[in-house]
Structures are given as structure tokens and as C-alpha cells.
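Descriptive structure summary
This is what each chain is made of:
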Amino acid sequence: MASSEPAVRVHEVSRRFGYRWVVRNVSMDIASGEAVMLVGGNGAGKTTLLRVMAGLLKAHKGQIDYRGMVGMVAHHTMMYDALTARENLVFFGRLHGLRDDGRADRLLERLGLGHVSGERIATFSRGMLQRLAIARALLHEPDVLLLDEPLTGLDDAASQIVLAVIAELKARGAALLIATHQLIELASVTARVGYMVSGRLAALEPLPGPDAGAIVSRYRDLVASGV
Amino acid sequence: MASSSLFGTALAVARKDLKVEWRTKTAFISSLVFAVLVLAVLYFARDKTSVGDYDLAPGALWVTFTFAGMLGLNRAFLLERENHALDGLRLTPISPTALFLGKVAGNLVFLGVVELVSLPLFILFYDVPIWRQLPTLMVVVALATIGYVAVGTLLSAMVVRTRFSEVMLPVLLLPFLVPPIVSAVQLTWRILALRPLSEMTGWLSLLAAFDIIFFTLSLLLFEAILIE
Amino acid sequence: MGLALVGLAGIYVRALMFTPIERTQGPAQKIFYVHAPVAWAALLAFSVCGLLSLLYLMMRDRKFDLMAAASAEVGTALAVVMLTTGPLWGKPVWGTWWTWDARLTSTLFTFLLFVGYLVLRNALTDFEVRARFSAVLGVMALVLVPFIHVTVYWFRTLHPDPVVLKPDAPSLPSVMLVTLLSSFAVCTVLYIGLVMQRYALAVMQDVREEEAAGGIS
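Computed from a prediction, not measured in an experiment: that's the story for all the values here.

Thresholds applied
Residues numbered from 1 in each chain as written. Chains lettered and ligands numbered in written order. Predicted model: local features only at pLDDT ≥ 70, side-chain atom pairs only at ≥ 80, totals over all residues. Helix = DSSP H or I, 4+ residues; strand = E, 2+ residues; numbered from the N terminus. Rg over C-alpha atoms; globule rule 2.2 N^0.38 Å. Buried ≥ 20, exposed ≤ 12 C-beta atoms within 10 Å, placed from the backbone. Contact = placed C-beta atoms within 7 Å. Domains from an automatic or database assignment. Nonpolar A, V, L, I, M, F, W, Y, C, P; charged D, E, K, R; others polar. Pairing = 2+ DSSP bridges. Core = buried A, V, L, I, M, F, W, Y, C linked by C-beta atoms within 7 Å. Arc of directions from axis to C-beta. Axes fitted to C-alpha atoms, helices over the stretch in contact; angles between N-to-C directions.

Turning our attention to the overall build of chain A. Assigned secondary structure in chain A consists of seven helices and nine strands. For a compact globule of 227 residues, the expected C-alpha radius of gyration is about 17 Å, and chain A comes in at 17 Å, within 12% of that figure. Its C-alpha atoms give chain A principal-axis dimensions of about 55 × 40 × 35 Å. The buried share of chain A, taken over its 227 residues, is 46%. Pairs at least 24 residues apart make up 70% of the contacts formed inside chain A by residues separated by at least 6 positions.

Residues and elements named next belong to chain A. Taken domain by domain, chain A comprises domain 1 (1-68 + 143-227) and domain 2 (80-141). For domain 1 and domain 2, the distance between their C-alpha centroids amounts to 25 Å. With nine residues of domain 1 at the interface, the matching set in domain 2 holds eight residues. In terms of residue count, the dominant contributor to the side of domain 1 that touches domain 2 is helix 5 (residues 156-171) (four residues). Grouping the amino acids of the side of domain 1 that touches domain 2 by side-chain chemistry returns seven nonpolar, one polar and one charged.

The next point concerns the pairing of strand 3 (residues 35-40) of chain A. All names here are of chain A. With six of six residues buried, strand 3 is to be regarded as a mostly interior element. Neither face of strand 3 is open: one carries Ala-35, Met-37 and Val-39, the other Val-36, Leu-38 and Gly-40, and all of them are buried. For strand 3 and strand 7 (residues 175-179), the ladder comprises four bridges, and the chain directions are parallel. Across the sheet, the residue bridging to Met-37 is Ile-178, located in strand 7. In this sheet, strand 8 (residues 192-197) lies alongside strand 3 in parallel orientation, the contact comprising five bridges.

Moving on to the nonpolar core. In globular proteins that are soluble, nonpolar side chains generally tend to be buried together. Core analysis: the biggest nonpolar cluster contains 200 residues, and Leu-146 and Leu-176 of chain A have the highest contact counts within it. Looking at this core element by element, the count peaks at 15 residues for helix 7 (residues 165-192) of chain B. Both domain 1 (1-68 + 143-227) and domain 2 (80-141) of chain A contribute no fewer than three residues apiece to this core. Leu-176 of chain A has contacts with Ala-35, Val-36, Leu-145, Leu-147, Ile-166, Leu-169 and Lys-170 of chain A, leaving out every residue within four places of it along the chain.

Residues and elements named next belong to chain A. Within the sequence span of helix 3 (residues 103-110), burial applies to Ala-104, Leu-107 and Leu-108. All buried residues of helix 3 lie within an arc of 100° about the axis, which places them on one face of the element. Elements that come into contact with the buried residues of helix 3 comprise helix 2 (85-95) and helix 4 (126-138). A positive backbone phi angle near 75° is found at Gly-112, which sits one or two residues after helix 3.

The next thing to look at is unusual backbone geometry. We note that Glu-149 of chain A has phi near 50°; this positive angle belongs to a residue other than glycine. Within the secondary structure layout, Glu-149 of chain A lies in the loop between strand 6 (144-148) and helix 5. Residue Leu-194 of chain B is not a glycine yet carries a positive backbone phi of 60°. The topology assignment puts Leu-194 of chain B in the loop between helix 7 and helix 8 (201-226).

A word on the interface of chain A and chain B. Each partner contributes to the interface: chain A provides 22 residues, whereas chain B provides 23 residues. Split into classes, the residues belonging to the side of chain A that touches chain B amount to 14 nonpolar, four polar and four charged.

Residues and elements named next belong to chain A. The strand order 2-1-4 describes an open sheet built from three strands, whose pairing is antiparallel. Either end of the sheet is taken by a strand with one partner, and the two such strands are strand 2 (20-30) and strand 4 (61-66). Neighbouring strand axes in the sheet, compared pairwise and without regard to direction, differ in orientation by 20° on average. As defined by bridge partners, strand 1 (residues 8-17) adjoins strand 2 across seven bridges and the pair is classed as antiparallel. Within strand 2, the residue paired with Phe-17 across the bridge is Arg-20. Sheet strands touched by helix 1 (residues 46-54): strand 1, strand 2 and strand 4. Its angle to strand 2, the strand with the most contacts, is close to 65°.

As C-alpha cells, this is what we get:
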């Protein structure tokens, strides 16, 4: 399954809003079966970078190459409150050209939502919504998955399910980029960390250590050095 | 495997919109109530001695459709703002054209139902010979509605990002309604007055031209609204 | 720009002093020398706005957006002049402030259309979104204007006015014609001058915003 080509290559990508450059000259490669953590303060550009990589925003400079399909899990569910979990999945699957062949039900089971598949998502807790969003992102079996703070607002049980799914996706060869503030939990499934400071990717390197402290101090060093 | 064809995905979007609307019903009920109110007010406010029913009726009908319709148009894209659902749509391979067609279809059904419910009321209020003319009238209503909805869908997609979208839409849309609605009123008047077809061809061609040109234009321009 | 203002003053002088008083309408007719050319300039402004909007959509060059907006603003201002001189002329001549004359009504709707354009621009803060959306509206507006003209004109001719008027009789004495034509020319120059000024102002604002936001990567 290993291949010399990265699953996604980001090459000198920049994006602005109005006159403000929010992502500046970011380059990174992520291989199949690899999970990279993306850390940075609020406003550092993590979300924007993910949105550009997902294709929601155009890159004003640079380019992105993918081998395969891209999926995204964002802060908002991007689904309809008035529809049930199942209906939402079937609808979005339909837009990907997928027939309702039980795929939606399988995904719901896998993410522990089988018992609520027929309920409107307006009633769902944050944890359930997040898991549903992951199910939706997996509908078209993406090779690259972008996650924007996937564990925020989740309780332990839900977090465990999500982390297990991430590990499983990694094992199956997907490439993952995960923006997060929850360093400890994600350190268990990621091997590299990207540090974003003021829109730039200040560094992209292996985990400095299994605990959050090492990551935080490396981040602070980078901020201080004014990269 | 179902294809992600243009019409297939457009239809999926339209059905989803209608399903959601059916479950919440808010826009639909407001539009209906509004239509009834406008019709009733215009009816009771008229001075029967100075203006005949024939002259007033077409205007009343179209004012009703126009304003009730406006309430429904914004709903199409307001729906997509909740939970950032529009991003979810943009993450799929759906083409801007399919999305536009789907939204237009949903709006057409919405408006169509409002019109179908208002029409009997209109007949009730205004004593005009409508039965024999009903097919012709329906054609005119359909044509005018298509043009109205096409432009309205495009504009609502833009306006939904502003703060006062309910107000912005009429402000932007009303000048665009001058050709189709004036044509529709002229045609309705002639239909109800049992005028010969020859008197209507001019307005009909204007209406048709408006529809064709603006439907196409709105379709083409929609992509510019969607792609960031 | 200065040239246009001088020209404008020149027209006024000529119109007031030198052009003979038209027989049936009296001195108020002289408003016509401003009214019609300004209407023309407004229409020119709106058409240019539409064309520039199309160019923006095709090439995404910020300059087109700024110029389109400048043109729309100037056009709207000119339309206001036209819409106020219309009634000012109308009252003494026809006895009413407003009449649903084809040209006036058509300009009124076009004016409202471009007021909407400016309102939309005002309501959008992100400049890229603003440029894109106003360009879309600009193109739609450009295509709509002829439709409005036709609609209003047909509506008018099929519902004859109680007061029949012929504001520009085909045979104008040459003196008046000269005044009129030079007025057209002056208004066109005025339009160009105003747009240039407004555009320059917009560019300055733009540059300032750019500096405030900091440089590139």
C-alpha cells in the first residue's frame, strides 16, 4: 500500500480575505496511512487552510494535488436539522452519485449511531453530531480526510469512538490532517505535527514527545522566534 | 450505482428542499396567509363604483403572487445557512448548474402550491369568467412564475449573506419583476376580458423572451456566486 | 473634470441668455437642455457599469469592479438630477409634478435598480464577495434595462396619456439644436470626469486598505 507519491501535496498555498493574507505560503506532504496534527492559536489560519485543501475556497497562490478523494469534518455539521441522520447521509451520498445501498446504515452502525438513524438530527447532542459528520465524510470513501477540531465538545466515550475511527482509517491507508487543540488525545494517533503561526507553517516535524507539554513549548518557541 | 447526473442531483436537491419545508412548514404557511390577506385587503379596499372588477382583478392577483412569492424565495438559501449546509453541498461533486436547477425547481413547486391555493380564493372574490380561460391563464401564470423564480433564486443566493436579507431581496428583485409582472397583468386582463389571441402575442413574446434570457443568464451567473 | 465644469457653466449661460424662448412652453422649456442630456449620461453610466461588471467577471481584475461601482454611483446621481428636472419642467408645462411618461418611468425603474446595486455593495463587507456579487447584479441589470424600456413603452402606448406631450419635436430651430447637442457633449464629458474622480478616490481607498492589512506572504 505504501507509495512514493504522497496522498496530498500542498505546494506554496496562500489565501487572502480582502487584503489580509490568512494562509501564507504553506507547503506540506501527507502520505497514505499517515495522520498529521495541525496546531496553532486562533486565527493562525488552520481552518482556512483546511477549507482550501477541501476545495471550499480557492487558493490564491500555489496548488494542491491529491491522489483520490477528499472528505472533511468541520466545526459545523453541514447537514439539515429537519432531516433524520439516515436521510442526511442518503442525500449527501446521492450527490456523490451513490445509491442507497446500505452504506449509510453501515456507517451509522460503525459510529455508534445505528439506534438513532431514524431521528431528526435537531435532537442530537454535540457528540452525536460530530460522529454523524464523520459518517458523512466517509460516504464516498475518501483517501484524504481533513478534520477541523474533531474532538471539541465531545465527552470521553464519544472521543474514544472518534479516535478509534481515526486509527482505523489510518490503518486502511487514508491520509489525515487534524487541526486540534486537544494535543494529548490526538498525539496517540498522529506521528507528525504542523505548527501554524500567523498563517505560515512554521514547522512540520515528528512529535516531540507523547505529552502535550513538549508540543506546547515547541509551539511557543516558534511563535517567539517570529517565523 | 446511481449516476451523479445533472438532473439527478438537481432533483435530489429539490426533493430535499421540499422535504425540509414540509417538515417545518413555516415559510409555506406564512406565504399562504400573506396571500390570503393581500387578496382580502385589496378586495375590501376597492371602490366598486369607480373601478370595475375586470380592471382591478389582474392587478390584485399579481400583487398577491408577487409578494407571497417573495416570502418563499429567501427560504431556499436560508436553509443552507443553518449548520453551514451549503459547504456540505459544495464538498460534493454537484455542479453549480444542478444546484441552481434544484433550487429553482423547489421554489417553483413552492410558489406553484401558493398560487394554486390562492386561485380559488381569487375566483371567489372576483366575479370574472375564469373557467373557460383557466388553461390559458395557467400558462401565463406558469410563464411569469418561471422568470420570477429564476431571477429570484439567483438574487436570494446573493442576498442571504447580508444582514437584512428579507428586505434586500425585494429591493433588488422588484425592478426585475417589471417586465414579467406587467406582461402577466396585461395578459391576465386580456384573458379575463375575453380578448382575441392577436392582442396578446406582443406581451406573450415579451414574457417568453424575458424567461428565456433571464433563466439562462441566472443559470450562467450562479457559478460566480457559489465559487469562492 | 475642470473642462466639464466650465462646459456646464457655458451651457447654462447659453441656454438662458441666447437661446430663444420656445413658443408654447415658455422659459421652463430650457430645463430640457439639462434634462435630456443628463438622462443620456445616466443611461451611459449604467450601461458602462454593466459592461465593466461583465469584464470583471471574465477577468477578475479589481480595477473593473472599482470602476463599475464608480460608474453606478455617478449614474445614480445623474439619474437623480434627471428625475428632479423632469417634474420641475413638467409642472409649469403640463400642470402636474409627475406623469407616468415612458421615459421618466423607465428611468425611475433603472434608477431604483442601481440604487439596489449600491445598497448591495454597501451590505457586503468582504471586498472579493462584494466585487463578485455586484458584478453579477451589474450584468443582470444591463440586460434588464432594455426590457424595462420596452415594457414601459408598450404599457404607455396602449394606455394613452390624458395629456399628450412631445418633448422633443422633430424640428428644432438650429439655435436650440446647437445648444442641445453641445449640452449632450458637455454631459458626456461631465460623466467621464465624475467617474474618473470617483474611481481615483476608490483606488486611493483601496490602496490604503491594502496597506492597513499588511503585505503579502
